[in-house]
Amino acid sequence: MGSAFLEDPGVDEFLGLSLTALEVDEAYVQVVSHYDASLALYTLNHECYGCPLEKEGVVAPGTTVNLTLATDHPWTFLLNTDGSHDYILPEDKSGVCVVEGAKLGEFGVYQLNVSQDANCTFTSLKEPVFQYGAIVIAVAVYTAVALLAAAAPALYRWMARRYAQARDDGSQVELQMAGSTTTPTPEGGKTPATNTPPAKPRLKSLDTFRGMAIVVMIFVNYGAGSYWFLEHATWNGLQVADLVFPWFMWIMGVCIPMGLRSALRRKTPKHKIFFRILKRSIKLFVLGIILNSLGGWIMLDQYRVPGVLQRFAFTYLVTAGVALALSPDQPPQYQSDVGIAMADVLQILPQWVVHLVILAVHTLVTFLLPVPGCPTGYLGPGGVALLQNGTPSPECVGGATGEVDRWLLTTQHIYQNPTAKLVYKTAAFDPEGVLGSLTSIFQVFLGLQAGMVVQTHHTHRGRLGRWVAWGLLLGAVGAGLCAASINDGVIPVNKNLWSLSFVMVTSCFACFLLALCYLLVDVWGVWSGAPFYQAGMNSIFLYVGHNVTYNVFPWHYAVGRMNTHLAILTETLWGTTLWVLTALYLHHKGKFYTV
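Undergrad: An account of empty space enclosed by the protein is requested, with residue identities and associated values reported.
TA: Summed over the entire model, instances satisfying the criterion amount to 2 cavities of 30 Å³ or more. Approximately 170 Å³ is the volume found for the largest cavity. For the largest cavity, the lining is made up of 15 residues, of which Arg261, Ser327, Gln347, Ile348 and Met452 are closest to its centre. Residue assignment for the lining of the largest cavity shows that the elements contributing at least two residues are helix H3 (241-265) and helix H11 (434-456).

Undergrad: Go over the state of the cysteines with me, naming the residues and quoting the values.
TA: Within this structure, the stated rule accounts for 3 disulfides. The partner cysteine of cysteine 97 in its disulfide is cysteine 120, sulfur to sulfur 1.9 Å. Placement of the pair is cysteine 97 in strand S9 (residues 97-102) and cysteine 120 in strand S11 (residues 120-126), with a sequence separation of 23 residues. Here cysteine 120 falls in the partly exposed class, since its relative accessible area comes to 29%. Across the disulfide from cysteine 374 sits cysteine 396; the S-S distance is 1.9 Å. Disulfide cysteine 374-cysteine 396: torsion about the S-S bond near -95°, hence left-handed. One end of the pair, cysteine 374, is in the loop between helix H8 (349-368) and strand S12 (383-388); the other, cysteine 396, is in the loop between strand S13 (391-393) and helix H9 (400-408), with 22 residues separating them in the sequence.

Undergrad: Which residues make up a nonpolar patch on the surface, and what are the values?
TA: A cluster of nonpolar side chains, Leu238, Val468, Leu472, Phe509 and Phe512, forms an exposed patch at the surface whose accessible area comes to about 390 Å². Relative to the helices and strands, leucine 238 is located in the loop between helix H2 (204-221) and H3. Assessed through its relative accessible area of 30%, leucine 238 is described here as partly exposed.

Undergrad: Outline the pattern of salt bridges, supporting the account with residue identities and numerical values.
TA: Within this structure, the stated rule accounts for 10 salt bridges. With its nearest N and O atoms 2.7 Å apart, the salt bridge here joins glutamate 23 to arginine 561. Of the two residues, glutamate 23 is situated in the loop between strand S2 (17-18) and strand S3 (26-33) and arginine 561 in the loop between helix H15 (539-548) and helix H16 (565-589); the sequence distance between them amounts to 538 residues. On the basis of relative accessibility, which here comes to 42%, the residue arginine 561 falls in the partly exposed class. One salt bridge connects arginine 210 with aspartate 207, and the closest N-O pair in it is separated by 2.6 Å. Of the two residues, arginine 210 and aspartate 207 both sit in helix H2, 3 residues apart, roughly one turn of that helix. Comparing arginine 210 with aspartate 207 shows no difference in burial state: the two are buried. Taken together, the salt bridges that share partners define one network made up of Arg304, Asp430, Glu432 and Lys495.

Definitions and limits used
- Residues numbered from 1 in each chain as written.
- Predicted model: local features only at pLDDT ≥ 70, side-chain atom pairs only at ≥ 80, totals over all residues.
- Heavy atoms only, no water.
- 1 Å grid on protein atoms, 1.4 Å probe; cavity = no way out; pocket = protein on both sides within 12 Å on 5 of 7 lines; lining within 4 Å.
- Points joined across faces, edges and corners; volume = space filled by probe spheres on them.
- Helix = DSSP H or I, 4+ residues; strand = E, 2+ residues; numbered from the N terminus.
- Disulfide = S-S within 2.5 Å.
- Buried < 20%, exposed > 50% of the residue type's maximum accessible area, 1.4 Å probe, protein only.
- Patch = residues over 30% accessible without salt bridge, like charges linked within 9 Å, V, L, I, M, F, W, Y side chains within 5 Å.
- Areas by Shrake-Rupley, 256 points an atom, 1.4 Å probe, with all protein chains shown as cover.
- Salt bridge = Lys/Arg side-chain N within 4 Å of Asp/Glu carboxyl O.

In structure tokens, the structure reads:
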């Protein structure tokens, strides 16, 4: 493999620039001016949607300015003789030199040259490296491991059969020599029972789905190899990291009807069932509060209240509580074809009413609550994306969603470093805040609806058909709300806000993924679900464990200056793999930890 494939810049310096000083997804841009007057330099990273060009500095005649810029999104450059403004709106850009949509590559060196007669050129002085080489290597290695793991049991069974056949042949020879005609009995001298009914099979696809979510979550939280498309979207949009949390909540909802039906069948009083729900919610909430102190964040006057497990606790309490209150002891039986076909919806119709009311409350607050100094109904990140009288609006981040958290929890007790802060220069904003919990409840309820399919449809075709139908319906609603785009539409897909379109789109993908797992694992039986099935059986242990060991060896290590995707991805996969192996070991030992 060539050095470029492994992200080696090739040389330590180029034109006096230290290439080894660059981090992942960074490049140098030299701005060279031969113009006869000083020029103000403005830049805009296209990751910052709706943002103005921001002033970087001044380039004097005959000088060179070196910039270190991110390579994950294109850039726009503007050189203008008028530098009196800190920001220039994209629609107002004009000047001596304008370069739009310049694409940079990792460890590349580029030059923006302005000649004396105002001719502007943008050229590549050193070609970038191939930054996806680490992914190619990782896919090849894990594919080989998966193939070996799949082939090993078959090889073992073949060898066991050969050994058993050879042993039986030897035993028959001995019996014939002894003149015995006794038929061998099974081991232990006992005949197998034939009248014991088989136990009701557990749907392994549910644990497989949950295991996929927790493994991807660990991979993302451990850095995802510093590939931007595997991490969280800055504001609007949907990337790989944005899927795992809603999927985790959704699959929690899938399991609620099964637990309730089982308890009601055992004639367990409803107040005792609710006590169990409340007890589990309190455990999750307290555990989440404790995890918020990791990294030394223990100052009570600045202690963060929301969090991942806290949202799990709240949404589970509400969704399971509503389901318990509105579930009859005996589910109704339908005689008509329509009633039988729609039983999964009809049995929880009162719950739909309650959750649609919760959804309506969220929508009304989002679009009608006045936010001081901000447009009513604003859904954007604020900051430089919302200039008012030429000044950024950092406190407008998230509109009403951010305002509700600042009012109920205060600014000091919410997340201080949201994904939008670096790009949009916003204030504190909590992606697990109060208002987003209402749509999260609806997400869990959509999972509950998918779980009702298991209760009311008892054929493989019926279950698969319902999950696919729900996936298509939810996907269509989500696409309609966001106009099938990133930033357009009435309600864009946004994890930070936990927008309704985000709920619909992620639930759509969840339905399809569950249907696929069910088909492969429970119907065709061509996949055991490993290693995700084992991880799903101990998901809460893996979640807590990977948070606690975030900076602990052997899950994490550093070798020199790890400034390539290959080095970071290797370390990320190492830590993730250790937790998968831990899940396999716990499953082998029969140890399962829940709350």
